[in-house]
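# An overview of the molecular structure
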Amino acid sequence: MTTVDLNADLGESFGVWQLGDDEAMLGVVTSANVACGFHAGDPALLLRTCRTAAQRGVAVGAQVSYSDLAGFGRRFIDVTPEDLTADVIYQIGALQAIAHAAGTTVNYVKPHGALYNTIVSHREQAAAVAAAVAAVDAGLPVLGLSSSVFFAEASARGLRTVPEAFADRAYRPDGTLVSRRERGSVLHDPGEIAERVSSMVMSGQVAAIDGTIIPITTESICVHGDSPGAVQIATTVRERLVADGIELAAFG
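Per an unreviewed UniProt entry, the protein chain goes by 5-oxoprolinase subunit A and derives from Mycolicibacterium wolinskyi. For the record of the protein chain, the UniProt heading Subunit (unreviewed entry) holds the text "Forms a complex composed of PxpA, PxpB and PxpC." Within the UniProt record for the protein chain, the comment given under Function (unreviewed entry) is "Catalyzes the cleavage of 5-oxoproline to form L-glutamate coupled to the hydrolysis of ATP to ADP and inorganic phosphate."

## Quick look at a nonpolar patch on the surface
Together, Phe14, Val16, Trp17 and Leu69 make up a nonpolar patch on the protein surface, roughly 490 Å² of accessible area in all. Assignment of secondary structure puts Phe14 in the loop between strand S1 (3–10) and helix H1 (22–25).

## Quick notes on the pattern of salt bridges
Scanning the entire structure with this criterion turns up 10 salt bridges. Across the salt bridge formed by Asp9 and Lys110, the nearest N and O atoms sit 3.5 Å from each other. With Asp9 in strand S1 and Lys110 in strand S4 (residues 106–111), the pair connects residues that are 101 residues apart, well separated along the chain. Neither residue differs from the other here; Asp9 and Lys110 are each classed as buried. The residue Glu182 makes a salt bridge to Arg172 at a minimum N-O spacing of 2.6 Å. Linking Glu182 in the loop between strand S6 (161–166) and helix H7 (190–203) with Arg172 in the loop between S6 and H7, this pair joins segments that are 10 residues apart in sequence.

## Remarks on the environment of Gly27
Relative to the helices and strands, Gly27 is located in the loop between H1 and strand S2 (31–35). Along the sequence, Gly27 and Thr52 sit 25 residues apart, while their C-alpha atoms lie 9.4 Å from each other.

## Let's talk about the packing of helix H2 (residues 43–56) against helix H3 (residues 81–101)
At a minimum axis distance of 8 Å, the contact between H2 and H3 shows a crossing angle of 50 degrees. Here H3 runs oblique to H2, going by the angle between their axes. Between H2 and H3 the crossing geometry is right-handed. Residues Pro43, Leu46, Leu47 and Cys50 of H2 form the contact with H3, whose participating residues are Leu95, Ile98, Ala99 and Ala101. Tallied by class, the residues present in the contact of H2 with H3 amount to 8 nonpolar, no polar and no charged.

Conventions adopted
- Residues numbered from 1 in each chain as written.
- Predicted model: local features only at pLDDT ≥ 70, side-chain atom pairs only at ≥ 80, totals over all residues.
- Heavy atoms only, no water.
- UniProt positions renumbered as here; feature names shortened; annotations may be inferred.
- Patch = residues over 30% accessible without salt bridge, like charges linked within 9 Å, V, L, I, M, F, W, Y side chains within 5 Å.
- Areas by Shrake-Rupley, 256 points an atom, 1.4 Å probe, with all protein chains shown as cover.
- Salt bridge = Lys/Arg side-chain N within 4 Å of Asp/Glu carboxyl O.
- Helix = DSSP H or I, 4+ residues; strand = E, 2+ residues; numbered from the N terminus.
- Buried < 20%, exposed > 50% of the residue type's maximum accessible area, 1.4 Å probe, protein only.
- Axes fitted to C-alpha atoms, helices over the stretch in contact; angles between N-to-C directions.
- Parallel < 35°, antiparallel > 145°, perpendicular 65-115°, else oblique.
- Left-handed = near helix turned anticlockwise from the far one by under 90°.
- Contact = heavy atoms within 4.5 Å.
- Nonpolar A, V, L, I, M, F, W, Y, C, P; charged D, E, K, R; others polar.

Structure, rendered in structure tokens:
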């Protein structure tokens, strides 16, 4: 039986500002990419999120980012490799302590937003993130795009790489994500999204934004927790995969 992980970005509210429905999403996904405070998430929220994840048997991952609360981590920052490595180490360490207090552990690392997209091709920053993960715990897998230089740098340091696909984001013909600034970059119809996820997992293919069919490799499917209708999308995707005979489980 084919097995795939279903993940979502959670813990992204901040103080009185509420984003997404972590409680509901943790009843659907198998892995939670929990913010670490640099792009979103306050300590009390992160502790609650990790506690709920622990109670429901959902794996916790550190979602590391640029230091950019105002931009939600979606703006490129020309940070030095030394500073970026330190920033990522700091974030993983913070979430490790919170996860431990909540009765769980950090099981993997996933870059967020602009950092995620930048290290697809920016070798210096990719190496900095990979070096940070290896310095904290070389046993931590990393999530990312299969063809990225980040995966090359991570593999060179002995890290396990877990290829990820996005349920609700449009792809370019080269396999990279369409910028959120462009029309059609984010998908919203649950049925359409579930259909393309089924194709990703069952056939290893997805339609790019120009209609071309491109190959895609995935061990984990991401549904963005901050998207409108995220819970319905995640639920529909889960139901479709189960109907396809796919087992949903955290990678391990």
